[in-house]
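Fold and geometry: a report
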Amino acid sequence: MEDCLAKKMEITVSEAEKRTGRNAMNMQETYTAYLIETRAVESQSEGQCAPVDSLWRRYSEFELLRNYLSVTYPHIVVPPLPEKRADFVWHKLSADNMDPDFVERRRIGLENFLLRVASHPVLCQDKIFYSFLTQEAGWKEMVNETGFQLKADSRLKALNATFRVKNPDKRFTELKHYSDELQSVISHLLRVRARVADRLYGVYKVHGNYGRVFSEWSAIEKEMGDGLQSAGHHMDVYAASIDDILEEEEHYADQLKEYLFYAEALRAVCRKHELMQYDLEMAAQDLTSKKQQCEELATGTVRTFSLKGMTSKLFGQETPEQREAKIKILEEQIQEGEEQLKSKNLESRDFVKSAWADIERFKEQKNHDLKEALISYAVMQISMCKK
């Protein structure tokens, strides 16, 4: 951790800007660009003020970076990006992705994503990530040159592996249930919070009507006028205070949403393991089949019904020379298959070891972050009630 990029560089997404340009289809579009600022920490400790490097990035470039990291480091729980469009919103909150409040919250989320990657012991050392922070021109071409898209597994292949793995690893099956439960619990929490926000908003805003009535009433009362006017003013202040409270709450909701999206990152690691397990089982099955064929040719007995067995009965046996040639080819294929199986087993063991270490790191981080977020939320509610 001492060597991570976050210790060597200050990273901020300092502002967001609405822009208009043309997309790949040459159609005009409006999008938001985010200003990333970086500053070296080393020169600051020496008493010098390091210059700030800055560049603009679109949300789609953040997506490209995350896709690259997910494919290149399949054993890592890659930090998620903030939502592209608002989910779990209470009715007064805008779900428009161009809304200034939403853009501001997404700016904070994107900064958090960069800090998460920069603090990760493995991801922080990636050259493409470093270039994302420091090199504006030619970065997309650099990513595409890595050929990461070719390594990306298709959804169909992943689905096939899910249903056809014969001996799934119990730990990864449990991890899948863990991620499903995490997503379910946080989704429920966010839905309840959105309903409570709606109710709370209604209760507070009703006092705005009382404020107006009290102010009008004060105009026709001589002795009680000042008191009524003062009461009306307090009602108005009370009604207006909910906007700031719910805006602050939204930041805690965003912290929960990050772990809602982390659940998908956990499932991605499980899918990759299933694919490896499926390939391993297919290679083992193929090797067993070839060994059986070789044994059948060598002994001249056919243990299982096959088309080859039928044709040899109908059209006569093969000559010893033909059989020898086939045995030789099969022996070479068996040797190759054994090497391949050995390599796949080794790869699978390395994957499980690395993935499990990262999952343990993630769980520790999750417990710490959610505890902090929920304590802060409770403290905020207490101070609101005191007011």
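Residues numbered from 1 in each chain as written. Predicted model: local features only at pLDDT ≥ 70, side-chain atom pairs only at ≥ 80, totals over all residues. Heavy atoms only, no water.

The chain carries the name Sorting nexin-4 in an unreviewed UniProt entry, which gives Phaethon lepturus as its organism.

Within the chain, the regular secondary structure consists of 12 helices and 3 strands. Within the span of the chain, comprising 387 residues, buried residues form 37% of the whole. Partitioning the intrachain contacts of the chain with sequence separation of at least 6 by distance along the chain shows that 73% fall at a separation of at least 24. By element, 53% of the accessible surface of the chain is carried by carbon and sulfur atoms, the whole surface being about 23,600 Å². (Helix = DSSP H or I, 4+ residues; strand = E, 2+ residues; numbered from the N terminus. Buried < 20%, exposed > 50% of the residue type's maximum accessible area, 1.4 Å probe, protein only. Contact = heavy atoms within 4.5 Å. Areas by Shrake-Rupley, 256 points an atom, 1.4 Å probe, with all protein chains shown as cover.)

So, about the packing of aromatic side chains. A full pass over the atoms with the stated rule returns 12 aromatic pairs. Note on Y68 and F148: the rings are 5.8 Å apart at their centroids and 90 degrees apart in plane angle, and the pair reads as edge-to-face. Remark: F148 occurs in helix α7 (residues 148-151) and Y68 occurs in helix α3 (residues 59-72); sequence separation between them is 80 residues. F148 carries the same exposure label as Y68, and that label is buried. Among the aromatic side chains, those forming a connected cluster through ring pairs are F62, F113, F132 and W139. A cation over an aromatic ring shows up here: R57 above the ring of F132, its NZ or CZ 4.8 Å from the ring centre. When the ring centre of Y31 is taken as reference, the NZ or CZ atom of R58 above it lies at 3.8 Å. (Phe/Tyr/Trp six-rings, centres within 6.5 Å; stacked < 30°, edge-to-face > 60°. Lys NZ or Arg CZ within 6 Å of the ring centre and 35° of its normal.)

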